[in-house]
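The residues making up each chain are set out below.
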Amino acid sequence: MTDLVERSLAARLVMIGRQGSGKGEQCGRLAQRLQLDHVSTGELLRSAVRAGSTLGRTSEAYVVRGEPVPDHIVAGIVSARIAEAQAGGRGVVLDGFPRTVRQAERLSEMLAPASIDLAIHLDVPRATAVERIQNRRECPSCRTATSSVECPICRTHTERRADDWPAAIGRRMSDFAREMGPLLEWYAERGVLETVDGVGTPAQVAERVANAVDRRICASVRSR
Ligand code: AMP
């Protein structure tokens, strides 16, 4: 395990999955396990909205409607977070970016001459994902994701996410279904795609993700 952490210190990973696939949870676990920065575009945008910053005011209407925030805004946030991680000698696991081939191309320009080591497709059927979203809640205080009405960490009353309402869920699912095929193909053509079954308990899925990373990171980081 220590060996893997050492090899993965500068790894660049992408997690691709529809909303409700559990990618936030899995990216968090992976980041902790491999000491990577977890860069979640959805979380960065939601916290900007909560803070009322310029970024938040520009993005709020898109986020609440479940519509994509314009590429130049999202790419700007991701680029800044990657630079921050690199300055600290850390790798990243990207959660929610890229969502389209255009964004993948943009990411590839940002990273050049380096590239993504591994893109993990967290595969969960649409019906399962919708059911999970309908049950998910978030703690307004410590941001823990849970299905319970009380935060398991700080006991605060939890809330539904502002964008977890039927029309916005439907829009995000349809956008993802349209964009996912070409995006997965883009990474498959570059030989860095691994599909992981996302159905199961968080611990079971984390084990599968860890195995996929183990196989790929050993090969790609060693050959740099
Ligand atoms: P998520 O937490 O991944 O479900 O993202 C929540 C919302 O943030 C999305 O519905 C979009 O409005 C916005 N967002 C997150 N990532 C992206 C992205 N890569 N491109 C465009 N919009 C994004």
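Residues numbered from 1 in each chain as written. Predicted model: local features only at pLDDT ≥ 70, side-chain atom pairs only at ≥ 80, totals over all residues. Heavy atoms only, no water.

Enquirer: Outline the overall build of the protein, supporting the account with residue identities and numerical values.
Expert: When you go through the protein residue by residue, the secondary structure sums to 9 helices and 7 strands. Expected size for 224 residues packed as a compact globule is a radius of gyration near 17 Å; at 17 Å, the protein falls within 12% of this value. Along the first, second and third principal axes, the C-alpha set of the protein runs to 45 × 35 × 35 Å. Counting over 224 residues, the protein shows a buried share of 45%. For the protein, long-range pairs separated by at least 24 residues make up 70% of all intrachain contacts whose partners lie at least 6 apart in sequence. Accessible surface for the protein amounts to roughly 10900 Å². Of this, 52% is attributable to carbon and sulfur atoms. Each charge sign in the protein was given a centre, from 32 positive and 28 negative side chains, and these centres are 2 Å apart. (Helix = DSSP H or I, 4+ residues; strand = E, 2+ residues; numbered from the N terminus. Rg over C-alpha atoms; globule rule 2.2 N^0.38 Å. Buried < 20%, exposed > 50% of the residue type's maximum accessible area, 1.4 Å probe, protein only. Contact = heavy atoms within 4.5 Å. Areas by Shrake-Rupley, 256 points an atom, 1.4 Å probe, with all protein chains shown as cover. Lys, Arg positive; Asp, Glu negative; His and termini not counted. Charge placed at Lys NZ, Arg CZ, Asp CG, Glu CD.)

Enquirer: Please set out the packing of aromatic side chains residue by residue, giving values where relevant.
Expert: Throughout the structure, instances matching the rule amount to 1 aromatic pair. Aromatic side chains W186 and Y187 sit 5.1 Å apart centroid to centroid with 85° between the ring planes, which places their arrangement in the edge-to-face category. A residue is classified by how much of its surface remains accessible, and Y187, at 2% relative accessible area, is buried. Residue placement shows R190 over the ring face of W186; its charged tip is 3.6 Å from the ring centre. (Phe/Tyr/Trp six-rings, centres within 6.5 Å; stacked < 30°, edge-to-face > 60°. Lys NZ or Arg CZ within 6 Å of the ring centre and 35° of its normal.)

Enquirer: I'd like a description of the layout of surface pockets, backed by residues and values.
Expert: Which parts of space are left empty comes out when a probe the size of a water molecule is rolled across the atoms. The space that makes up the second largest pocket amounts to roughly 250 Å³. Lining the second largest pocket are 13 residues, with R46, R50, R143, R161 and A162 sitting closest to its centre. Listing elements by their share of the lining of the second largest pocket, those giving two or more residues are α3 (41-51) and α4 (54-65). (1 Å grid on protein atoms, 1.4 Å probe; cavity = no way out; pocket = protein on both sides within 12 Å on 5 of 7 lines; lining within 4 Å. Points joined across faces, edges and corners; volume = space filled by probe spheres on them.)

Enquirer: Kindly report on the site of the ligand, identifying the contributing residues and their values.
Expert: Taken together, 20 residues are adjacent to the ligand, and T41, R46, E67, G96 and R99 come closest. Between the ligand and the protein, one listed contact pairs a nitrogen atom with a side-chain N or O atom of T41 at 2.8 Å. Between a nitrogen atom of the ligand and a side-chain N or O atom of Q103, the distance comes to 3.0 Å. For the ligand, whose free accessible area comes to 480 Å², the fraction covered by protein is 97%. Elements with a minimum of two residues in the shell around the ligand: α3 and α4. Counting residues per element, the shell around the ligand draws most heavily on α3, which supplies 4 residues. A per-class count over the shell around the ligand returns 7 nonpolar, 6 polar and 7 charged. (Near = heavy atom within 4 Å. Polar contact = N/O pair within 3.5 Å; in protein donor to acceptor, adjacent residues only side chain to side chain. Nonpolar A, V, L, I, M, F, W, Y, C, P; charged D, E, K, R; others polar.)

Enquirer: I'd love a proper account of the pattern of salt bridges, names of residues and values included.
Expert: Following the criterion strictly, the structure yields 17 salt bridges and no others. R102 is the salt-bridge partner of D71, the closest N and O atoms lying 3.2 Å from each other. Here the residue D71 occupies a position in helix α5 (residues 71-87), and R102 occupies one in helix α6 (residues 101-111), the gap between them amounting to 31 residues. Of the residues examined, D71 reaches a relative accessible area of 17% and is grouped as buried. Here R215 makes a salt bridge to E194, at a shortest N to O gap of 2.9 Å. Of the two residues, R215 is situated in helix α9 (residues 202-222) and E194 in strand β7 (residues 193-197); the sequence distance between them amounts to 21 residues. In this structure, a network of salt bridges that share partners links the residues D37, R81, E84 and R90. (Salt bridge = Lys/Arg side-chain N within 4 Å of Asp/Glu carboxyl O.)

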